[in-house]
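# Fold and contact review
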Amino acid sequence: LAVFGFSLAASLVLVLLAGTIIDWWVGPAVKAVPLLGLGLALWTVVDSTGRSIAMFLNGINVLWAQLWIVIGFVPLCVVLKIYLAGEMGSAGVPIGVAVAYLLIHIPAYYWLVRRWFSEHAVAPRQADGVT
């Protein structure tokens with residue numbers, strides 16, 4: 001949740017300041033594309049949140065499940081990126097990958113993490129002498 005909150009806040013700041021930052025960086029010849037900025041912000045939030053969960057899964061040695069998740073993710077991601085790029089232009093690419101990630105990775109990660117915690121639940125300890 002901390003990663004989600006931080007990446008969401010940072011992405012919103014960058015989306016709001018994108019025009020100013022681009023003007024300062026490369027000059028007025030290049031203009032910010034608001035939908036592209038929103039798509040990149042969406043992908044940043046989804047990716048950073050998903051990667052933090054993936055690192056947890058790596059740490060508990062849940063690797064094969066992640067491979068199968070990626071095998072399901074890649075075809076959907078490619079199709080969505082191609083389709084949305086045709087419909088929305090460059091903004092469709094990060095939006096397509098974010099949507100594919102939300103549809104495949106996040107539900108699978110949720111299920112894997114819940115399953116792991118339910119299998120590794122520890123009963124609360126009682127303090128000595130307390131009933």
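This part is about the packing of aromatic side chains. In total, this model carries five aromatic pairs according to the counting rule given. Judged by centre distance (5.5 Å) and plane angle (75°), the rings of Trp 43 and Tyr 101 are edge-to-face. You can see Trp 43 sitting in helix H2 (residues 34-59) and its partner Tyr 101 sitting in helix H4 (residues 92-119), a full 58 residues away along the chain. An angle of 85° between the planes, with centres 5.0 Å apart, marks the rings of Trp 116 and Phe 117 as edge-to-face. Residue classification places Phe 117 among the partly exposed positions, given a relative accessible area of 46%.

For the rest of this paragraph, the subject is H4. Taking 1.5 Å per residue as the helical rise, H4 with its 28 residues ought to reach 40 Å, and the 40 Å between its terminal C-alpha atoms agrees with that figure. A bend of about 35° at Leu 102 is the largest found in H4. Listed as buried for H4 are Gly 92, Pro 94, Ile 95, Gly 96, Val 97, Ala 98, Ala 100, Tyr 101, His 105, Tyr 109, Leu 112 and Val 113. In this fold, the buried residues of H4 make contact with H2 and helix H3 (64-88).

What follows deals with the confidence of the model for the protein. Averaged over the protein, the pLDDT score is 90; the fraction of residues at 70 or greater is 92%. Put simply, helix H1 (residues 2-26) is where the protein has its lowest mean pLDDT, 91, and H3 is where it has its highest, 96.

The rules behind these values
Residues numbered from 1 in each chain as written. Predicted model: local features only at pLDDT ≥ 70, side-chain atom pairs only at ≥ 80, totals over all residues. Heavy atoms only, no water. Phe/Tyr/Trp six-rings, centres within 6.5 Å; stacked < 30°, edge-to-face > 60°. Helix = DSSP H or I, 4+ residues; strand = E, 2+ residues; numbered from the N terminus. Buried < 20%, exposed > 50% of the residue type's maximum accessible area, 1.4 Å probe, protein only. Expected span 1.5 Å × (residues − 1). Bend = angle between axes of the 7 residues up to and from the residue. Contact = heavy atoms within 4.5 Å. pLDDT = per-residue confidence, 0-100.

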